[in-house]
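Spelled out from the first residue to the last, the chains are:
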Amino acid sequence: MSAKKNLSPQDYLKYYYDVPYEGSTSAGKPLRKLRNIICPYRGIEIIPSETIKDFEKKLEKCKTALDCVELLSKYQDNMLPTEKEIFAIFKAFVGLNPNDNLKNCLQMIRGNCLTKLKLEELEVLDEVDLLTHKLCAKTALEFRAKTTKCRQIIISNNERDFFKRKVFLASLEGIIPKENEKEIFSDIKNKALFLPTSESSKNAFVVKYSKRTQKEIVRRLFVASTATIEHIIPASLGGANTMGNFLLTSASGNRYRENMPLVEYIKRHPNIPQYCQKYIDCIIEQIHNGLLLGNETYPYKIKQKLFEESQGRILISLSKYKYTQDEAIALVKAFEERWDKYKK
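Just so it is clear, the model here is predicted, and its values are computed rather than measured.

Cut-off values and rules
- Residues numbered from 1 in each chain as written.
- Predicted model: local features only at pLDDT ≥ 70, side-chain atom pairs only at ≥ 80, totals over all residues.
- Heavy atoms only, no water.
- Core = buried A, V, L, I, M, F, W, Y, C linked by side-chain atoms within 4.5 Å.
- Buried < 20%, exposed > 50% of the residue type's maximum accessible area, 1.4 Å probe, protein only.
- Contact = heavy atoms within 4.5 Å.
- Axes fitted to C-alpha atoms, helices over the stretch in contact; angles between N-to-C directions.
- Helix = DSSP H or I, 4+ residues; strand = E, 2+ residues; numbered from the N terminus.
- Parallel < 35°, antiparallel > 145°, perpendicular 65-115°, else oblique.
- Left-handed = near helix turned anticlockwise from the far one by under 90°.
- Nonpolar A, V, L, I, M, F, W, Y, C, P; charged D, E, K, R; others polar.
- Arc of directions from axis to C-beta.
- Salt bridge = Lys/Arg side-chain N within 4 Å of Asp/Glu carboxyl O.
- Phe/Tyr/Trp six-rings, centres within 6.5 Å; stacked < 30°, edge-to-face > 60°.
- Lys NZ or Arg CZ within 6 Å of the ring centre and 35° of its normal.
- Pairing = 2+ DSSP bridges.
- Polar contact = N/O pair within 3.5 Å; in protein donor to acceptor, adjacent residues only side chain to side chain.

Q: Hey, could you run me through the nonpolar core in this one?
A: One recurring pattern in soluble globular proteins is that nonpolar side chains are buried together. One finds Leu31, Phe168, Tyr279, Ile283 and Leu306 to be the most contacted residues of the largest nonpolar core, which totals 64 residues. Setting aside residues no more than four positions away along its own chain, Leu31 makes contact with Ile229, Met243, Phe246, Leu247, Leu248, Tyr279, Ile283, Leu292 and Tyr298. Among the nonpolar cores identified, the runner-up in size contains 30 residues, and Tyr75, Phe90, Leu102 and Leu117 belong to it.

If you want it as structure tokens, here you go:
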């Protein structure tokens, strides 16, 4: 995205900022305007959210499976691993059935994927049960009662009573651990977050979206890589709605993290530290190109926040940044002074 160097102060603020600047996720609007940004969680180039409207218009014109695959092919390089697996299945399907519907493709393989999904779910529940050995007998039994019920549902073939990940996770909140069990209790809940979803498992995707329309399926593959604002410290855990707590991430990377501590998320995706470095390098380039005016301290804030929340696992280098921290602070101060004069 080229720098908007000739904008008037009024147009600049309208283009880059929502008012109020603090107090809501609209504070992340300067990030949403950026292009060519690497997702700090998943390492893919994020699709700008402003492209969604154009994509929707083109999607409305798609009738056949071939139409949909041709539309998605433009964004193939932006797709995440699960979405790429599904797209590869669709391309093979279209080779034989160009005029068919992508929903039919998923329905054809649903049975086999459902069996594999159940095995994935049971593996995570086994890991959860293994951790309960560190709890007292009473608390461990409460956990085992819930995981046992889940196993019964998963193994059964009752379509009316199927395993719901969200319901299981919510049920864990009803267990009250002893004071000395809180740390392991937190570890167990974080482990349960790794139950497969359509973001993390091809099988979960197929099972879930085999019941959706073709347009919903195509939209899901595209939206997963579009830009969203992520709280480094989740808002539900007291994280501030300010630029210093925001990352621009892919929608899927954001959604799959949920409220998972960053340390746990890194265990799931070990490349996050190097992706965060690529992300900051992209941000630095954008600032050097005249974007993110008034946010020159952002790289320093994010470096510190990521280091703290990852417990030292993410150590970002700002060697490519031409501004020292004092210079960045001075630039922000100068921008705020101009902004104050404009408001008057």
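The rest of the description comes next.
Q: Any chance you could explain the packing of helix α5 (residues 81–96) against helix α11 (residues 214–223) here in plain terms?
A: Each packed pair of helices is defined by two parameters, the angle between the axes and the distance between the axes. Between α5 and α11, the shortest axis-to-axis distance is 10 Å and the interhelical angle comes to 140 degrees. With respect to α11, the axis of α5 lies oblique. In terms of crossing hand, the pair formed by α5 and α11 is left-handed. Contacts between α5 and α11 pair Glu83, Ile86 and Phe90 from the former with Ile217, Arg220 and Leu221 from the latter. Partitioning the contact of α5 with α11 into residue classes produces four nonpolar, no polar and two charged.

Q: Would you explain helix α4 (residues 65–73) in this entry?
A: Residues three or four positions apart in an α-helix share a direction because the helix packs 3.6 residues into each turn. Restricting attention to buried positions, one finds in α4 the residues Ala65, Cys68, Val69, Leu71 and Leu72. Burial along α4 is one-sided: seen end-on, the buried residues are contained in an arc of 160 degrees. In this fold, the buried residues of α4 make contact with α3 (52–60), α5, α6 (102–131) and α11.

Q: How should I be thinking about unusual backbone geometry in this particular structure?
A: Across residues other than glycine, the phi torsion is negative in most instances, and most of the peptide bonds are trans. Not every positive phi belongs to a glycine, and Asn36 is a case in point at roughly 60 degrees. Relative to the elements of secondary structure, Asn36 occurs in the loop between α2 (29–32) and α3. Judged by relative accessible area, Asn36 falls into the partly exposed class, the value being 46%. Phi angles above zero are rare outside glycine, and Glu258 is one such case at about 55 degrees. Checked against the element boundaries, Glu258 lands in the loop between α12 (251–257) and α13 (262–268). Accessibility expressed as a relative area gives 31% for Glu258, which makes it partly exposed.

Q: Help me understand the environment of Phe185 in this model?
A: Note on placement: Phe185 falls in helix α9 (residues 182–192). The class for Phe185 is buried, based on a relative accessible area of 7%. Note: C-alpha distance between Phe185 and Lys134 (51 residues apart in sequence) is 9.2 Å.

Q: So what exactly am I meant to see when it comes to α9 here?
A: Along α9, the positions that sit buried rather than exposed are Ile184, Phe185, Ile188, Asn190 and Ala192. Against the buried residues of α9 lie α6, α7 (137–155), α8 (165–172) and α13.

Q: Which parts of the structure should I look at to understand the pattern of salt bridges?
A: Pairs can form between side chains of opposite charge whenever their charged atoms are close. Scanning all chains against the criterion turns up 18 salt bridges. The salt bridge partner of Lys215 is Glu60, with a shortest N-O separation of 3.0 Å. Of the two residues, Lys215 sits in helix α11 while Glu60 sits in helix α3, which places them 155 residues apart along the sequence. A salt bridge links Glu173 to Lys189, with the shortest nitrogen-to-oxygen separation between them at 3.4 Å.

Q: Explanation requested: the packing of aromatic side chains in the structure shown.
A: For any pair of aromatic rings, geometry is given as the distance between the ring centres together with the angle between the planes. All chains considered together, the criterion is met by 10 aromatic pairs. Look at Tyr75 and Phe222: their rings are 4.9 Å apart centre to centre, the planes differ by 75 degrees, and that puts the pair in the edge-to-face class. Taken together, the positions of Tyr75 in the loop between α4 and α5 and Phe222 in helix α11 put the pair 147 residues apart, joining distant regions of the chain. By the burial criterion, Tyr75 is buried, and Phe222 matches it. Every member of this aromatic cluster is reached through a ring pair, and the members are Tyr41, Tyr256 and Tyr265. The positively charged end of Arg212 is found above the aromatic ring belonging to Tyr209, 5.0 Å away from the centroid.

Q: How should I be thinking about the environment of Lys208 in this particular structure?
A: Turning to its location among the elements, Lys208 is positioned in helix α10 (residues 202–209). As a C-alpha pair, Lys208 and Leu237 span 29 residues in sequence and 29 Å in three-dimensional space. Leave out the neighbours within four places in its chain, and Lys208 touches Ser198 and Arg255.

Q: What am I meant to see in the pairing of strand β2 (residues 246–250) here?
A: Within a regular strand, side chains alternate between the sheet's two faces. With five of its five residues buried, β2 lies for the most part within the structure. Two strands pair when backbone bridges link them, and strand β1 (residues 227–231) and β2 are joined in this way by five bridges, in the antiparallel orientation. Of the residues in β2, the one forming a bridge with His231 is Phe246.

Q: Quick question: what am I supposed to make of the environment of Ser317 here?
A: Mapped onto the elements of the fold, Ser317 is located in the loop between α15 (298–309) and α16 (325–343). Counting along the chain gives 18 residues from Ser317 to Pro299, while the straight-line C-alpha distance between them is 9.7 Å. In this structure, Ser317 is in contact with Gln277 and Asp281, ignoring residues within four places of it in sequence. Of the polar contacts made by the side chain of Ser317, one reaches the side chain of Ser319; its length is 3.2 Å.

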